[in-house]
Amino acid sequence: MKRKSVLMISLAYTVFMAVLFFYYFPKGEVHSYQVALGGVLCGAIPLVLARFTKLKFNLPILLSYLAFLFASQYLGSILHFYGLGWWDTFLHLLSGALLAFVAVALYERLVHREGGTHISAWLVFWFVLSFAVLGGVIWEMYEFSMDQIFAMTLQGGGNSDTMVDLIADTSGGLIIAVISLVRTKQKFDAPDGGKEPGLPPESLA
């Protein structure tokens, strides 16, 4: 994906959250403007990476990332969709799938093109699933730490909330891991011997 497109998409979300920040700050709505400020920082991450690194961005992953931020920060926190009860679980399901997409992209970059033909498709499956689950665990550690250190209520439901979130993260990652397993096996069974390792992230989009 061209860096210019990355900059434009990410900039649009960053500006949107910045506008919300300046809208809620004068009103003294602390929670809303803090979330908006967090949105500015999160939206700026692709901008910083595009500016200071040579990373090649994948369009489905970038759009999924920004869509998740919008659903979590704006819809969930600012518009209070989290009050629906199922919204948090739904987002954890999506985040598990998104992390699995990132794992596929990492696999494509880390595994040598020739070496991929000698790697079991099951290794791809476990790598993708484990990456998604690890991401969910790290997030729950973050929520627990914030609650303990700053007396926040990120883990509103305590242990039950944590376990439901982890199950949702695992389920989302499992779906993409199974798809990657099937697609990788298909490539290995192809007449050309599956010379390309794993499956490209675009094929899952």
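Heads up: the structure comes first, above all this text.
It should be emphasised that the depicted structure is a prediction, and the values quoted were computed from it without experimental measurement.

Each helix and strand in the chain was counted, giving six helices and zero strands. Start at the N end of the chain and walk to the C end: the helices and strands fall as α-α-α-α-α-α. Across the 205 residues of the chain, 39% fall into the buried class. Looking at the chain alone, contacts between residues at least 24 apart form 70% of all its contacts between residues at least 6 apart. When the accessible surface of the chain is split by element, carbon and sulfur atoms take 71% of a total near 11,800 Å².

Tallied over the full model, the rule gives 16 aromatic pairs. Relative to Phe-90, the ring of Trp-86 has its centre 6.2 Å away and its plane inclined at 70 degrees; by these criteria the two rings are edge-to-face. Plain terms: the ring middles of Trp-122 and Phe-125 are 5.4 Å apart, the flat faces sit at 75 degrees to each other, and that makes the pair edge-to-face. Here Trp-122 pairs with Phe-125, and both are found in helix H5 (residues 121-150), just three residues apart, close to one helical turn. Exposure remark for Phe-125: the relative accessible area of 7% places this residue in the buried category. Ring pairing ties together the aromatic residues Phe-21, Phe-22, Phe-25 and Tyr-33, which thus form one cluster.

The subject of this paragraph is the side chain of Asp-88. Position of Asp-88 relative to the elements: it lies in helix H4 (residues 87-110). Residues in contact with Asp-88, not counting those within four places in the same chain, are Tyr-82, Asp-161 and Asp-165.

Quick look at the packing of helix H3 (residues 59-78) against H4 now. In the contact formed by H3 and H4, the axes pass within 10 Å of each other and the chain directions differ by 160 degrees. Judged by the angle between their axes, H3 and H4 are roughly antiparallel. As H3 packs across H4, the resulting crossing turns out to be left-handed. Contacts from Ile-61, Ser-64, Tyr-65, Phe-68, Ala-71, Ser-72, Leu-75 and Gly-76 in H3 reach Trp-87, Leu-91, Ser-95, Leu-98, Phe-101, Val-102 and Ala-105 in H4. Here the contact of H3 with H4 is built from residues that sort into 11 nonpolar, four polar and no charged.

All right, on to H3 then. Taking 1.5 Å per residue as the helical rise, H3 with its 20 residues ought to reach 28 Å, and the 26 Å between its terminal C-alpha atoms agrees with that figure. Turning to H3, its buried residues are Ile-61, Leu-62, Leu-66, Leu-69, Ala-71, Ser-72, Gln-73, Tyr-74, Leu-75, Gly-76, Ser-77 and Ile-78. Directly beyond the C-terminal end of H3, a positive phi value near 65 degrees is found at His-80.

Attention now moves to a nonpolar patch on the surface. Residues Leu-84, Trp-86, Phe-90, Leu-93, Leu-94, Ile-175 and Ile-179 make up a contiguous nonpolar surface patch of roughly 620 Å² in combined accessible area. Element by element, the count of residues in the nonpolar patch is highest for H4, at three residues. Looking at the element boundaries, Leu-94 is found in helix H4.

What follows deals with unusual backbone geometry. Positive phi values are uncommon outside glycine, yet His-80 reaches one of about 65 degrees. Turning to its location among the elements, His-80 is positioned in the loop between H3 and H4. A relative accessible area of 56% places His-80 in the exposed class.

Grouped together as the largest cluster of nonpolar side chains are 21 residues, with contacts concentrated most on Met-17, Leu-20 and Ile-78. Elements with a contribution of two residues or more to this core: helix H1 (3-24), helix H2 (30-52), H3 and H4. A per-element tally of this core places H3 first, with seven residues. Listed in part, the 20 residues of the second largest apolar core include Tyr-107, Val-111, Val-124 and Ala-177.

Reading guide: rules and limits
Residues numbered from 1 in each chain as written. Predicted model: local features only at pLDDT ≥ 70, side-chain atom pairs only at ≥ 80, totals over all residues. Heavy atoms only, no water. Helix = DSSP H or I, 4+ residues; strand = E, 2+ residues; numbered from the N terminus. Buried < 20%, exposed > 50% of the residue type's maximum accessible area, 1.4 Å probe, protein only. Contact = heavy atoms within 4.5 Å. Areas by Shrake-Rupley, 256 points an atom, 1.4 Å probe, with all protein chains shown as cover. Phe/Tyr/Trp six-rings, centres within 6.5 Å; stacked < 30°, edge-to-face > 60°. Axes fitted to C-alpha atoms, helices over the stretch in contact; angles between N-to-C directions. Parallel < 35°, antiparallel > 145°, perpendicular 65-115°, else oblique. Left-handed = near helix turned anticlockwise from the far one by under 90°. Nonpolar A, V, L, I, M, F, W, Y, C, P; charged D, E, K, R; others polar. Expected span 1.5 Å × (residues − 1). Patch = residues over 30% accessible without salt bridge, like charges linked within 9 Å, V, L, I, M, F, W, Y side chains within 5 Å. Salt bridge = Lys/Arg side-chain N within 4 Å of Asp/Glu carboxyl O. Core = buried A, V, L, I, M, F, W, Y, C linked by side-chain atoms within 4.5 Å.

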